[in-house]
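# Reading the structure
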Amino acid sequence: MAANSLTERNDERNVQGREETRSNEKYIRPAVNIIETEEGLVLTADIPGASKDALDVNVEKGILTISAPAQHTAPGTSAYREFELASYYRQFTIPESLDHEKAHADYANGILTLRIPKAEVAKPKRIAVQVS
């Protein structure tokens, strides 16, 4: 895959406001590592505090979207707070050479691991040479 075949959809860092036309909600861009293997891409995202049931990972029209609401779950009223939880949101444009239908995601200990295999036509093939 070319170095620029995977591009990020957001240019800002850390906590950002959504576009005015969408909503006033704040969101956090989770830290992400993307590794290309012979089989496809492996994406890991740091999403602490999100619930597995609320985590939303989808691909539509070549755009991978990761989103999850995060909420304080401690019982009682907050007396002092130095950080605020916000929803997670991140988008990437991914190449068509990946088989989105066979993608598999796991979520454990606040880490999302997404595996997207290459489509069969995109995998390298070895051609046997016959001696005549």
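Described below are features of the structure shown in this document. (Residues numbered from 1 in each chain as written. Predicted model: local features only at pLDDT ≥ 70, side-chain atom pairs only at ≥ 80, totals over all residues. Heavy atoms only, no water.)

The secondary structure content of the protein chain amounts to 0 helices and 10 strands. Beginning at the N terminus, the succession of helices and strands in the protein chain can be written as β-β-β-β-β-β-β-β-β-β. Expressed as a percentage of the 132 residues in the protein chain, the buried residues total 32%. Restricting the contact set of the protein chain to residue pairs at least 6 apart, pairs at least 24 apart contribute 53%. (Helix = DSSP H or I, 4+ residues; strand = E, 2+ residues; numbered from the N terminus. Buried < 20%, exposed > 50% of the residue type's maximum accessible area, 1.4 Å probe, protein only. Contact = heavy atoms within 4.5 Å.)

Right, let's get into the sheet that holds strand β9 (residues 104-108). Hydrogen bonds along the backbone pair up the strands of a sheet, which may run parallel or antiparallel. What the 4 strands build is an open sheet, ordered β4-β5-β10-β9; its pairing is antiparallel. Only two strands of the sheet have a single neighbouring strand rather than two, namely β4 (32-36) and β9. Strand-to-strand twist across the sheet, computed as the mean angle between neighbouring axes with direction ignored, equals 15 degrees. Across 5 bridges, the pairing between β4 and strand β5 (residues 40-46) is antiparallel. Counted as the bridge partner of Asn-33 is Thr-44 from β5. (Pairing = 2+ DSSP bridges. Axes fitted to C-alpha atoms, helices over the stretch in contact; angles between N-to-C directions.)

So, about the pattern of salt bridges. In this structure the tally under the stated criterion is 2 salt bridges. Where Lys-118 meets Glu-36, a salt bridge forms, and the shortest distance between an N and an O atom there is 3.5 Å. With Lys-118 in the segment after β10 (111-117) and Glu-36 in strand β4, the pair connects residues that are 82 residues apart, well separated along the chain. Here Lys-118 falls in the buried class, since its relative accessible area comes to 13%. Residue Lys-102 pairs with Asp-99 through a salt bridge whose shortest N-O separation is 3.9 Å. (Salt bridge = Lys/Arg side-chain N within 4 Å of Asp/Glu carboxyl O.)

Further remarks concern the packing of aromatic side chains. A ring pair, where both rings are aromatic, is described by two values, the distance of the centres and the angle of the planes. One pass over the structure, following the stated rule, counts 1 aromatic pair. Centre to centre, the rings of Tyr-27 and Tyr-89 are 5.5 Å apart; their planes meet at 75 degrees, and the pair counts as edge-to-face. Residue Tyr-27 is located in strand β3 (residues 26-28), and its partner Tyr-89 is located in strand β8 (residues 87-93); the two are separated by 62 residues in the primary sequence. As far as the burial class goes, Tyr-27 and Tyr-89 line up, both buried. (Phe/Tyr/Trp six-rings, centres within 6.5 Å; stacked < 30°, edge-to-face > 60°.)

With that settled, the discussion passes to the environment of Leu-43. Turning to its location among the elements, Leu-43 is positioned in strand β5. In the structure, Leu-43 is positioned 70 residues away from Thr-113 in sequence and 5.7 Å away in space, judged by C-alpha atoms. Excluding residues within four positions of it along the chain, Leu-43 makes contact with Val-32, Asn-33, Ile-34, Leu-64, Ile-66, Phe-92, Leu-112, Thr-113 and Leu-114.

Okay, unusual backbone geometry next. Positive phi, normally seen in glycine, also occurs at Lys-61, with a value near 55 degrees. Relative to the helices and strands, Lys-61 resides in the loop between β6 (56-60) and β7 (63-68). Assessed through its relative accessible area of 78%, Lys-61 is described here as exposed. In this structure, Asn-109 is a non-glycine residue whose phi angle is positive, near 55 degrees. Summarising the element assignment, Asn-109 is placed in the loop between β9 and β10.

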